[in-house]
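# Observations on the three-dimensional arrangement
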Amino acid sequence: MRIKILYEDKDILAIEKPSGILVHPDEHSKEKTILDLFIKKYPKVAVVHRLDKETSGVLLLAKNEKAHEFLQKQFKARTIKKIYIAVVQGSLKNDRGVVNKPIGRSPRDFRRYSAGRGARGEMREAETFWKVLKRIKDFTILEVRPKTGRTHQIRVHMKYLNHPVAGDALYNPKDKKSSRMMLHARSIEFKNLKEETIKIESP
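Anyway, here's the lowdown on the structure attached to this text. Bear in mind that the values here come from a model prediction, so they are computed numbers and not experimental data. (Residues numbered from 1 in each chain as written. Predicted model: local features only at pLDDT ≥ 70, side-chain atom pairs only at ≥ 80, totals over all residues. Heavy atoms only, no water.)

## Remarks on the pattern of salt bridges
Two side chains bearing opposite charge may form a pair once their charged atoms approach each other closely. Condition: Every case where a carboxyl oxygen of Asp or Glu lies within 4 Å of a side-chain nitrogen of Lys or Arg is listed as a salt bridge. Helix numbers and strand numbers start at the N terminus; a helix is a DSSP run of H or I with at least 4 residues, a strand a run of E with at least 2. Only protein chains enter the accessibility calculation, which uses a 1.4 Å probe. A residue is then buried if its area is under 20% of the maximum for its type, exposed if over 50%, and partly exposed in between.
The tally for this structure, following the rule as stated, stands at 14 salt bridges. Of the charged contacts, one joins Arg155 and Asp52 as a salt bridge, the two residues approaching to 2.8 Å between their closest N and O atoms. Here the residue Arg155 occupies a position in helix H3 (residues 153–160), and Asp52 occupies one in the loop between strand E3 (46–47) and strand E4 (56–62), the gap between them amounting to 103 residues. Ionic pairing is found between Glu201 and Arg186, a salt bridge with its closest N-O pair at 3.8 Å. Linking Glu201 in strand E13 (residues 197–201) with Arg186 in strand E12 (residues 183–191), this pair joins segments that are 15 residues apart in sequence. With a relative accessible area of 29%, Arg186 lands in the partly exposed category. One continuous salt-bridge network, built from bridges that share partners, spans Asp52, Arg155 and Asp168.

As structure tokens, this is what we get:
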């Protein structure tokens, strides 16, 4: 599998991750991962953040430990800006909004997370901004900006709004029309080790 490189310097790699490939190894799967594809050329390559298997778009990789720590500090400080495009079920009433609901574990399915009432375990702060780009029949195309970076955050918050991501088998199993999960990491903005602001886009 050929992966498109969107940005590269001596420390950092930004790639265009296709839908349907894991970012890093999963104990339940022996599938090839993004790390497997790059580790031969870059022996110290490390994942800085995650995209779900079915999510496509911009993914940052660190080529060395120094870059890994440098980028992780930016993620922890929430100075990295991420924009996603999501196609969700139904038509949202408002043109923009924010979901500020902590996320915990689903009480019914160990694979799922949940926002609001009924969620179990540690409740972690989560905030997601969204705005409508287009409404098409039974779907709405959104620009989504997660302020925090919780596991499945956009998927869980869209489900909380009763507008789950189209094609999301875990949170929207009734949708049989979509060929894949309609969530794409459109852009990411960060500082490289020279303290230059870099913005990478995946159309």
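## Regarding the nonpolar core
Within soluble globular proteins, side chains that are nonpolar generally end up buried alongside one another. Applicable threshold: Buried Ala, Val, Leu, Ile, Met, Phe, Trp, Tyr and Cys residues form a nonpolar core when they are joined through side-chain atoms within 4.5 Å. Here a residue-residue contact requires only that any non-hydrogen atoms of the pair lie within 4.5 Å.
Counting residues in each nonpolar core, the largest one holds 29 residues, and the members touching the most others are Ile15, Ile34, Phe38, Leu61, Trp130 and Leu142. Those elements giving two or more residues to this core turn out to be strand E2 (12–17), helix H1 (34–38), E4, strand E5 (81–89), strand E10 (127–136), strand E11 (139–146), H3 and E12. With residues near it in sequence (within four places) discarded, Phe38 still touches Ile3, Ile5, Leu13, Ile15, Val45 and Leu61. The next biggest cluster of nonpolar side chains, apart from the first, holds 15 residues, and it includes Ala14, Val48, Val58 and Ile188.

## Some remarks on the sheet that holds strand E7 (residues 103–105)
Going by this rule: DSSP-based pairing: two strands are paired if at least 2 bridges between them are found. Where helices are involved, their axes are fitted lines through C-alpha atoms of the stretch in contact, as for all axes, and angles between N-to-C directions lie from 0 to 180°.
The three strands lie next to each other as E8-E7-E9, forming an open sheet whose pairing is antiparallel. Both edges of this open sheet fall to strand E8 (113–115) and strand E9 (120–124), since each of them pairs with a single strand only. Across this sheet, the average inter-strand angle for adjacent strands is 30 degrees, counted without regard to direction. For E7 and E9, the ladder comprises two bridges, and the chain directions are antiparallel.

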